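Next come the chains, spelled out residue by residue.
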Amino acid sequence: MKKGKITVCITIAIACFVLAIVMSMQFKVVKETDITSIETMREEELRTELANWKKMYKEAQEQYDEKSTKLAEYKEKEQSEEESSKLVEKELEQINMYLGKTDVEGQGITIKIQDVNNQDENTSEEDATKPISAEDLLVVVDYLKLAGAEAISINGERIINMTDIVDVGSNSLIFVNQQRILAPYIIKAIGDPTKLESTLLGNGGYVEELRNYGFTVDIDKGKVSIPKYSKEIGHKYIQ
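Structure report, in brief. (Residues numbered from 1 in each chain as written. Predicted model: local features only at pLDDT ≥ 70, side-chain atom pairs only at ≥ 80, totals over all residues. Heavy atoms only, no water.)

## What to know about the pattern of salt bridges
This is how it is decided: By definition here, a salt bridge exists when the distance from a side-chain nitrogen of Lys or Arg to a carboxyl oxygen of Asp or Glu is within 4 Å. Each helix is a run of H or I in the DSSP string that is no shorter than four residues. Each strand is a run of E no shorter than two, and both are numbered from the N terminus. Three labels apply to residues, based on accessible area from a 1.4 Å probe with only protein chains included: buried if under 20% of the type maximum, exposed if over 50%, partly exposed otherwise in between.
Going through the model one piece at a time under the given rule, you end up with two salt bridges. Here Glu105 and Lys223 are joined by a salt bridge, their closest N and O atoms 3.5 Å apart. Separated by 118 residues along the polypeptide, Glu105 in strand β1 (residues 104-114) and Lys223 in strand β8 (residues 216-226) bring together distant segments of the chain. Residue Glu105 shares its accessibility class with Lys223, and that shared class is exposed. Of the charged contacts in the structure, one is a salt bridge between Glu197 and Lys221, with a shortest N-O distance of 3.6 Å. Remark: Lys221 occurs in strand β8 and Glu197 occurs in helix α5 (residues 193-201); sequence separation between them is 24 residues.

## Comments concerning the side chain of Asn177
Put simply, the rule reads: Polar contacts, as used here, are pairs of N or O atoms within 3.5 Å; protein pairs need one atom able to donate a hydrogen and one able to accept it. Residues neighboring in sequence count only if both atoms are side-chain atoms. Should any heavy atoms of two residues lie within 4.5 Å, those residues are considered in contact.
Its place among the elements puts Asn177 in the loop between β5 (173-176) and β6 (179-181). According to the relative accessible area criterion, Asn177 is buried, its value standing at 1%. Within polar-contact distance, the side chain of Asn177 engages the backbone oxygen of Arg158 at 2.9 Å. A polar side-chain atom of Asn177 sits 3.0 Å from a polar atom in the side chain of Thr163. Asn177 has contacts with Glu157, Arg158, Thr163, Asp164, Tyr229 and Lys231, leaving out every residue within four places of it along the chain.

## Describing a nonpolar patch on the surface
Our working rule: Patch definition: residues with relative accessible area over 30% and no salt bridge; like charges joined within 9 Å; nonpolar side chains (Val, Leu, Ile, Met, Phe, Trp, Tyr) joined within 5 Å. The protein chains shown are the only cover counted for residues, whose accessible areas, like all others here, come from Shrake-Rupley with a 1.4 Å probe.
Where nonpolar side chains cluster on the molecular surface, the patch consists of Ile95, Leu99, Met162 and Ile233 and spans about 330 Å² of accessible area. For Leu99, the position within the fold is in helix α2 (residues 35-99). Using a relative accessible area of 41% as the deciding quantity, one classes Leu99 as partly exposed.

## A word on unusual backbone geometry
Excluding glycine, residues mostly carry a negative phi; peptide bonds, for their part, are mostly trans. Cis geometry is adopted by the peptide bond preceding Pro184, which originates at Ala183 and carries an omega value of 0°. With respect to the element layout, Pro184 can be found in the loop between β6 and β7 (185-190). Here the phi dihedral of Asn155 falls at roughly 50°; this positive angle occurs in a residue that is not glycine. Residue Asn177 is not a glycine yet carries a positive backbone phi of 55°.

## Quick look at the sheet that holds β6
Selection rule: Pairing between strands is defined by DSSP: at least two bridges between them are needed. Here an angle of 0 to 180 degrees is reported between the N-to-C directions of two axes, which are lines fitted to C-alpha atoms, with helices fitted over the stretch in contact.
Overall, antiparallel pairing links the three strands, which are arranged β4-β5-β6 in an open sheet. The open sheet terminates on both sides in strands that have one partner only, identified here as β4 (165-168) and β6. Each adjacent strand pair in this sheet contributes to an overall mean axis angle of 40°, direction not counted. The pairing of β5 with β6 spans three bridges and is antiparallel. The partner of Ile174 across the bridge, within β6, is Ile181. Of the strands in this sheet, β4, β5 and β6 touch helix α4 (residues 134-146), which is tilted by about 170° from β4.

## Here we look at the nonpolar core
The criterion, for reference: Buried Ala, Val, Leu, Ile, Met, Phe, Trp, Tyr and Cys residues form a nonpolar core when they are joined through side-chain atoms within 4.5 Å.
Ile111, Ile113, Leu137 and Leu144 are the most contacted members of the largest nonpolar core, which totals 29 residues. For this core, the secondary structure elements donating two or more residues are β1, α4, β2 (151-154), β5, β7, α5, α6 (206-212) and β8. With five residues, the top contributor of residues to this core is α4. With residues up to four places along the chain from it excluded, the contact list for Ile111 reads Val140, Leu144, Tyr185, Ile186, Ile187, Leu200, Val217, Asp218 and Ile219.

## Comments concerning α5
Here is the rule: Arc definition: directions from the helix axis to the C-beta atoms.
Looking only at α5, the buried set comprises Pro193, Leu196, Glu197 and Leu200. Buried residues of α5, viewed axially, fall in a sector of 95°; they line one side. Buried residues along α5 sit against β1, α4, β7, α6 and β8. The residue sitting at the N-terminus of α5 and contributing the capping side-chain oxygen is Asp192; that oxygen lies 3.1 Å from the backbone nitrogen of Thr194.

## Concerning the pairing of β5
Residues Ile174 and Val176 line the buried face of β5, whereas the alternating positions Leu173 and Phe175 sit on a face that is not buried. Two strands pair when backbone bridges link them, and β4 and β5 are joined in this way by four bridges, in the antiparallel orientation. Bridge pairing links Val166 to Phe175 in β5. Count of turn residues in the β4/β5 antiparallel hairpin: four residues, of which Gly169 carries a positive phi of about 80°. The turn joining β5 and β6, which pair antiparallel and follow one another in sequence, is formed by two residues; a positive phi near 55° is taken by Asn177.

Structure follows, in structure tokens:
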């Protein structure tokens, strides 16, 4: 029994000795540790970490600004393209209007010229005067153009720069845009009604001359509707 107790005591003593040595070493390490150095290392780490966060924030802000700028440019470009498209459409519409490719309406005058020979079937050949000719209609159209007419038609045929107004055959049949027209001749013009009318009715105006030949010419002012040019506008020789 005494031998066993001695063994236990020795074991405990050895354990206490080892523990004492370990604790002594730990105290020595702690004693030798520079607390200021540790705090300095932590401060530097925090500064580095803060610098990294600032750097990432700056990069994110730069990317945000770049995307915002591009988005603004896209919106501006989209609006610009939309405005350009509307402008092109408007210009195309105006071009088609000037070319006579659209129906138009506006203030103007309507001229009705009644051929004398069609007024009275009993009119004798001696009393009959020459019928209205294509040249007469051309002169009226030219007067209207000089007065600033923006659109003209004869019996529903739109007059454009390429329009032909001609007499065909011995009976002086009148063709406009390759279409035969018959009396009464209804000429419509859009423009300043007063100016258009006064140009035709003024001293020496062509309406006076037509009336002197015995034709009936009536002019009404008001809203006028003129149809578009129905044929294709093209060129055979221009390249």
